[in-house]
Protein chains: 2
Amino acid sequence: MSALPPGSVIGILGGGQLGRMIALAAARLGFDCHVYCPEPDSPAFRVAARHTVAAYDDAEALAAFAEAVDVVTYEFENVPAETAALLAARRPLFPDARALAITQDRIAEKTFLREAGVDVAPFAAVDTEAELDAAIAVTGLPAILKTRRFGYDGKGQAKVASRVEAAEALARLGQGCILEGLVPFALEVSAIVVRGAAGGTAVYDIGENRHANHILDETIVPAPVAAATAAAARDLGVAIADHLGYVGVLGVEIFVVRDGAGERLLVNELAPRVHNSGHWTEDGAVTSQFENHVRAIAGWPLGSVTRHGTVTMKNLIGDAAADYAAIVADPDARLHLYGKREARPGRKMGHLNRVVRPG
Amino acid sequence: MSALPPGSVIGILGGGQLGRMIALAAARLGFDCHVYCPEPDSPAFRVAARHTVAAYDDAEALAAFAEAVDVVTYEFENVPAETAALLAARRPLFPDARALAITQDRIAEKTFLREAGVDVAPFAAVDTEAELDAAIAVTGLPAILKTRRFGYDGKGQAKVASRVEAAEALARLGQGCILEGLVPFALEVSAIVVRGAAGGTAVYDIGENRHANHILDETIVPAPVAAATAAAARDLGVAIADHLGYVGVLGVEIFVVRDGAGERLLVNELAPRVHNSGHWTEDGAVTSQFENHVRAIAGWPLGSVTRHGTVTMKNLIGDAAADYAAIVADPDARLHLYGKREARPGRKMGHLNRVVRPG
């Protein structure tokens, strides 16, 4: 693909905060955006030149959307394979259908990673109770049973300490599952990688992710790990993006395990999109993950990922965003709100970046 | 006015790059924007939740616009007085009608400044040729004859070296004029001030403005002036905003004159809006002028104006924006394009910020 000139139209599937922040970054570079989302009044619609309200399996609406844009991207990994194929037949789709297929299925993802030489927790596919014993033999107990598809924020998974618990969880989850060995990790970190359609890869400094109620609560950059560990995590992110022939921003969640031998890394999960743990880049790096995602899918050179200081990103979940007045009373607090009409428990309403600069 | 909660609607008169950048900043804080502009396909429309295409004297459209928003601001100082009055009767208008009235008329502006104790060049109103001799007695020659209203980027003005030239220029400009003494300034600087509806004033570090073809070409921050001069320019900006009871961002263009006594300041012009010479703040300060304008008119506390380093802002005028590919090949170049469909000579198409951080 040749580079898209300013004035080109970026098509975005999904109208939530990630699509909104991609659209805001695209506008700054002179692109127009067209957002496609089934929900009327989606936050991203309100910052985009055009929008389409239609279902993700509406072939006619998808075709018209593709005809109206110059490149297609998305804010969520559960884009149906048929949707991706329909769009990719008409316009460049980044990240591509293969990246989607691999990251939509925990078995495909872990198999891909293992074949790429990346360490992951022991795992086994489990579709029926009859397969449980063999799976437990691979993973040991306790383990985590997860749905292969559509899990997020701790949904669609259960920690199981016995075969009986595993069988109960399998019946409850009610679809193809994966049993994963429990990793005794010291902390979780993220590598936010960007790889351009025009070539070139960049990776932001590694941050630590802290969760509350199974939802990302804070990302702290730099992560409190050894320099060699941070470098290894960055290299791991780049290697995975290269191995996938990936285009766009890729979020790589990594467990850091500490034992007698020091720190080692196991990849937990890939997200083929801009990632919550990269929101710190909006205020804490020269180029945000959103702008770099746009540059990557437009075939532009990537922007600098240099970090400005020590950064803390705090998610504002549910009622937390109602405290906006107290937050902005601190002139250095960088508030980002997503334009969601209603705060519900567990709903990401915004985030807050704090940057402490050196010197 | 009490503070506007997120989800409130910011009404913006004018759909060019300034309105667009205000809208982008407002979206980040969770506000919706409604842009009003006579030109269809205005750049700001494409990043706003709603827009109205109507003339600035369309009372019906203006009333409907006011009803649909929570506060009104604008991107240009030539908002007609009747328009301002109509809007201000329905919703808070920031900056207010008085700030508009003063800054729309060079005589009113200079009179206001002089009464506020601010130094300005000698000036006199000139409506007819009969008034020229008295005016020249005030200003000396050479001098600059300018239209009292609607001048910008060197348009509507002429340098005159004699009474004959002044008479010719007066006949050509064809409306009420002002004759201003020529100031032998060493450089022009800007104070970008923001004053909140909720109280509080902040002023960014002083930048030097360099012009080409009477259009701003570059702003360099910090300006190469003595520390005491920079401090005096900041104080001047704050004093003017306070004296006006101003709300929003105010651009203050200041001449720095160097003579045996050192550096002294004369105010050239006020702009009651976000200002081109403040575009460096998007990448070079904690809070951009656009976000601080939104915070000010929404009654929020102001954000930090701390600068990140040495910043150069370069305007991309006419064909210059066609070089975008060469520009972004430098990963540290911060490109901003305005989404204008057509590059015309003298048209501002975008700008480029470069920040050199200390250390």
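The name an unreviewed UniProt entry gives chain A is N5-carboxyaminoimidazole ribonucleotide synthase, with Methylobrevis pamukkalensis as the organism. For chain A, the Sequence similarities (unreviewed entry) comment in UniProt is given as "Belongs to the PurK/PurT family."

Q: Whenever I open this one, the packing of helix α2 (residues 59–68) of chain B against helix α3 (residues 81–88) of chain B confuses me. Can you help?
A: A pair of packed helices is characterised by two quantities: the angle between their axes and the separation of those axes. Residue and element names in this part refer to chain B. Between α2 and α3, the shortest axis-to-axis distance is 9 Å and the interhelical angle comes to 35°. Between α2 and α3 lies a crossing whose hand is right-handed. For the pair α2 and α3, the contacting residues are Ala59, Leu62, Ala63, Phe65 and Ala66 in the first and Thr83, Leu86 and Leu87 in the second. Across the contact of α2 with α3, the residue classes break down as seven nonpolar, one polar and no charged.

Q: What exactly am I supposed to notice about the pattern of salt bridges here?
A: When charged atoms on two side chains of opposite charge get close, those side chains can pair. A full pass over the atoms with the stated rule returns 52 salt bridges over all chains. With its nearest N and O atoms 3.2 Å apart, the salt bridge here joins Asp259 of chain A to Arg264 of chain A. Taking the relative accessible area as the measure of exposure, Asp259 of chain A reaches 36% and is therefore partly exposed. Classification of Arg264 of chain A by relative accessible area gives partly exposed; the value is 40%. For Arg91 of chain B, the salt bridge is made with Glu67 of chain B, and the minimal N-O distance between the two is 3.8 Å.

Q: Where do I start with the sheet that holds strand β2 (residues 32–37) of chain A in this structure?
A: Pairing between sheet strands relies on hydrogen bonds along the backbone, with the strands arranged either parallel or antiparallel. Residue and element names in this part refer to chain A. An order of β3-β2-β1-β4 is seen for the four strands of this open sheet, with the pairing classed as parallel. With one partner strand each, in any of the chains shown, β3 (50–53) and β4 (71–74) form the two edges of the open sheet. Along the sheet, successive strands turn relative to each other by an average axial angle of 20°, direction set aside. Direction of pairing for β2 relative to β3: parallel, over a ladder of four bridges. Among the inter-strand pairings, Tyr36 is bridged to a residue of β3, identified as Thr52.

Q: Quick question: what am I supposed to make of the interface of chain B and chain A here?
A: Interface size, as often reported, equals the accessible area lost upon joining of the parts. The interface is formed by 40 residues belonging to chain B together with 40 residues belonging to chain A. For the pair chain B and chain A, the two sides together bury roughly 3200 Å², of which 51% comes from carbon and sulfur. On the chain B side of the interface with chain A, the three residues burying the most area are Arg28, Tyr324 and Arg334 of chain B, jointly 18% of the side's total. Linking chain B with chain A are six salt bridges. The partner of Arg334 of chain A in a salt bridge is Glu291 of chain B, and the shortest N-O contact between them spans 2.9 Å. Across the contact surface, chain B and chain A share 24 residue pairs in polar contact (both at pLDDT 80 or more). Those elements giving two or more residues to the side of chain B that touches chain A turn out to be α1 (17–28), α10 (289–297), α11 (324–328) and β16 (334–337) of chain B. Of the residues that constitute the side of chain B that touches chain A, the class distribution is 21 nonpolar, eight polar and 11 charged.

Rules used in this analysis
All residue numbers here refer to positions counted from 1 along the written sequence of the relevant chain. In the order they appear in the text, chains get letters beginning with A and ligands get numbers beginning with 1. Since the coordinates come from a predicted model, pLDDT governs what is reported: local features require at least 70, and pairs of side-chain atoms require 80 or more to be given and counted, while whole-chain, interface and lining totals use all residues. Heavy atoms throughout the structure, all of them, feed into the side-chain values; hydrogens and water do not. UniProt positions are given in the numbering used here, feature names are shortened, and annotations may be inferred rather than shown by experiment. With axes taken as lines fitted to C-alpha atoms, and helix axes fitted only over the stretch in contact, angles between N-to-C directions fall between 0 and 180 degrees. Strands are runs of DSSP state E lasting at least 2 residues, helices are runs of H or I lasting at least 4, and numbering of each runs from the N terminus. Rotating anticlockwise by less than a right angle from the far helix to the near helix defines a left-handed crossing, while the corresponding clockwise rotation defines a right-handed one. Every residue pair with non-hydrogen atoms within 4.5 Å of one another is taken to be in contact. Charged means Asp, Glu, Lys or Arg here, nonpolar means Ala, Val, Leu, Ile, Met, Phe, Trp, Tyr, Cys or Pro, and polar covers whatever is left, Gly included. By salt bridge we mean one thing: a side-chain nitrogen of Lys or Arg within 4 Å of a carboxyl oxygen of Asp or Glu. Each residue's exposure class comes from its accessible area (1.4 Å probe, protein chains only) as a fraction of the maximum for that residue type: buried when under 20%, exposed when over 50%, partly exposed otherwise. Two strands form a pair only when DSSP identifies at least two bridges running between them. A quick way to say it: buried area is the sum, across both parts, of accessible area lost when two parts are put together, with a 1.4 Å probe. Polar contact is defined as a pair of N or O atoms within 3.5 Å, subject to the rule that within protein one atom must be able to donate a hydrogen and the other to accept it, and that residues adjacent in sequence are counted only when both atoms are side-chain atoms.

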